[in-house]
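Structural characterization, general
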Amino acid sequence: MTQNTDPADDANKRPKSRGGKGLHRRKFLGGMAGIGLGAVAAAGATFGLLTEAERKASAATNTGALPIPDLLEGTTTDGTTTFTLEAKGGTSEVLKGVTSTTAGYNGSFLGPTMKWTSGDKVLLNITNSLTEETTVHFHGAHVPPSMDGGPQNAFAAGGTWAPTFTVLDEAKTLWYHPHALGTTAKQATHGLAGMIIVEDDSPASAALPSDYGVDDIPLVFQCLAVSAAGDIKYDQTGYLTSGLKYPVLVNGANVDDTTLTFNATKTRNRFRALNASPSDIITIKRSDGGKLTQIATDQGYLTAPTGVDSIRLVAGARAEFVMDVTDDVTLQVVITTGWIRGGSGTYDFLSVAAGGSDTPDDLPGSLNTIERYDTTDFTARTITLSNTGTSMKINGSSGLTMASMAMISTTLGAKEIWTITNASQLEHSFHLHDVPYQLVSINGAAPTGVDLGWFDTYEVVGGGSIKIAMEFTDFADDSYMYMLHCHLLQHEDEGMMASLMVTDG
Ligand code: C2O
Ligand code: CU
Ligand code: CU
């Protein structure tokens, strides 16, 4: 991690940086919204909520600079850009003053941000220095199934894996994380996650801020569950431990009682938000009630910059927004539980201190062209998400192994419309590898606004359903499969995963 400012240039000493000071950091809304398993909810309710005294203590004012993950730019030789990643163990302070055993890529917690350029050939040299097998999945990237980093790509401790492919994606924000069967929640919650920025030469990209860490700012959110001793919990058994704490981290920094500061040096700033949480939903907004200008969803630019009151991201999802900062602005994140937490809350996580003296041009009126699918002739399928206790299923099968999961078979060029039905009362986050999808309906209603963008991860509320449409382009294979699954990491590890085989037909 590097800081965006010199430590000597402390936010407290700068007159412009008062935005977050003195505010109550954390407002508990109470309630256990969204929890479906009764026994789990009851257990959570007995130990999770803060007492009034604890609440007051947590209101202490802390500040710190927003850490910015290092930028990993590849080295290019003979037309191939090579990135080197090492997954390894380490320690980090997930709770202030408490050392946790963690893991990271090229560091002790989280990973560097990779920059890929659309059209480039990339090679990733990945070393597994963990003590168990892992994979690195490129979440949201349109790559061959043998290079996708799904469970079939798992490689042993001490081993290496070197996927290579041409970046077909346009400008967007992706991320990378482990994906071996049964260990994704454990490895990702311990810190194995990083952002990927895809750049392209579109007019929209040219018009938007793109100076990493200066006016193009990554925000990696993680809502974790940790024992008071700092032991990160990631499964059903762990969540039933008493006395858990639920830290919220942004770029690895705890924002429970701290408003981080970003000292803007440009008026216009672009933020890329990634919800890397195992289960919780995050909603980002301005503390002053002003609008955010959203420019992208998971899978790239919206047709036009869109003013929104807030941005809601289910686990695994991303969004980009821009703010013209002429006065200090405080950003808030509202945490809504997707599983078990002691209570949902609102955190003033970032004070953006105005510092730019430039006057940016108006944002382009058009960012992208998105042709809406006419799904009349699309092949229809139904994907049902259900569970029996903690056995999580897709189309009736619990995908704990490659052999036990349901398999969807399709052919290259197929155009399909899927109804994703949540037959449970649990919250799910539906993620599809390989290709982006359009939303056709959300709980029976036609999408509007930013929901008209491209997605790879979308919320399916308990008892709800979404209809999505997609086209299987470019890649076919008869042994490697893509995955489709719930992105609540416990759920995928408990079997809510199916495979997708795209063959030549
Ligand atoms: Cu982000 Cu299949 O995963
Ligand atoms: Cu993925
Ligand atoms: Cu789920």
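Residues numbered from 1 in each chain as written. Chains lettered and ligands numbered in written order. Predicted model: local features only at pLDDT ≥ 70, side-chain atom pairs only at ≥ 80, totals over all residues. Heavy atoms only, no water.

**Points about the overall build of the chain**
Within the chain one finds 6 helices and 40 strands. Relative to its full complement of 505 residues, the chain shows a buried share of 57%. At a minimum sequence separation of 6, the contacts of the chain that also span at least 24 residues come to 77%. Within the structure as shown, the chain displays about 17,800 Å² of accessible surface, and the carbon and sulfur contribution to it stands at 49%. (Helix = DSSP H or I, 4+ residues; strand = E, 2+ residues; numbered from the N terminus. Buried < 20%, exposed > 50% of the residue type's maximum accessible area, 1.4 Å probe, protein only. Contact = heavy atoms within 4.5 Å. Areas by Shrake-Rupley, 256 points an atom, 1.4 Å probe, with all protein chains shown as cover.)

**Things to note about the sheet that holds strand β33 (residues 415-422)**
With respect to topology, 6 strands assemble into an open sheet ordered β31-β30-β33-β38-β35-β36, the strand pairing being mixed. Strands with a single pairing partner mark the edges of an open sheet, and in this sheet they are β31 (391-394) and β36 (454-455). Summarising the sheet, β33 and strand β38 (residues 465-471) pair through 7 bridges and their orientation is antiparallel. Among the inter-strand pairings, Trp 418 is bridged to a residue of β38, identified as Ile 468. (Pairing = 2+ DSSP bridges.)

**Observations regarding the nonpolar core**
In globular proteins that are soluble, nonpolar side chains generally tend to be buried together. By size, the foremost hydrophobic cluster in this structure holds 56 residues, and its most contacted members are Leu 219, Ile 284, Phe 349 and Leu 350. A total of 5 residues in this core trace back to one element, the largest contributor, which is strand β16 (residues 216-223). If we ignore the near neighbours within four places in the chain, the residues touching Phe 349 are Leu 219, Phe 221, Val 250, Val 255, Thr 258, Thr 259, Leu 260, Ile 284, Leu 331, Gln 332 and Val 333. Ranked by size, the runner-up nonpolar core spans 33 residues in total, among them Ala 315, Ala 406, Ile 420 and Leu 484. (Core = buried A, V, L, I, M, F, W, Y, C linked by side-chain atoms within 4.5 Å.)

**A look at the packing of aromatic side chains**
Enumeration according to the criterion identifies 13 aromatic pairs in this entry. Look at Phe 221 and Phe 349: their rings are 5.0 Å apart centre to centre, the planes differ by 80°, and that puts the pair in the edge-to-face class. Linking Phe 221 in strand β16 with Phe 349 in strand β29 (residues 344-353), this pair joins segments that are 128 residues apart in sequence. For Phe 349, a relative accessible area of 0% corresponds to the buried category. Here the aromatic rings of Tyr 373 and Trp 454 are separated by 5.7 Å at their centres, their planes lie at 80°, and the arrangement is edge-to-face. Highlighted residues: Tyr 373 in the loop between β29 and β30 (379-388) and Trp 454 in strand β36, separated in sequence by 81 residues. For Tyr 373, a relative accessible area of 23% puts it in the partly exposed group. The buried category is assigned to Trp 454, whose relative accessible area is 17%. Counting every residue linked through ring pairs, the aromatic cluster contains Trp 116, Phe 138, Phe 155, Trp 161 and Phe 165. (Phe/Tyr/Trp six-rings, centres within 6.5 Å; stacked < 30°, edge-to-face > 60°.)

Nothing here speaks to function; it is all geometry.
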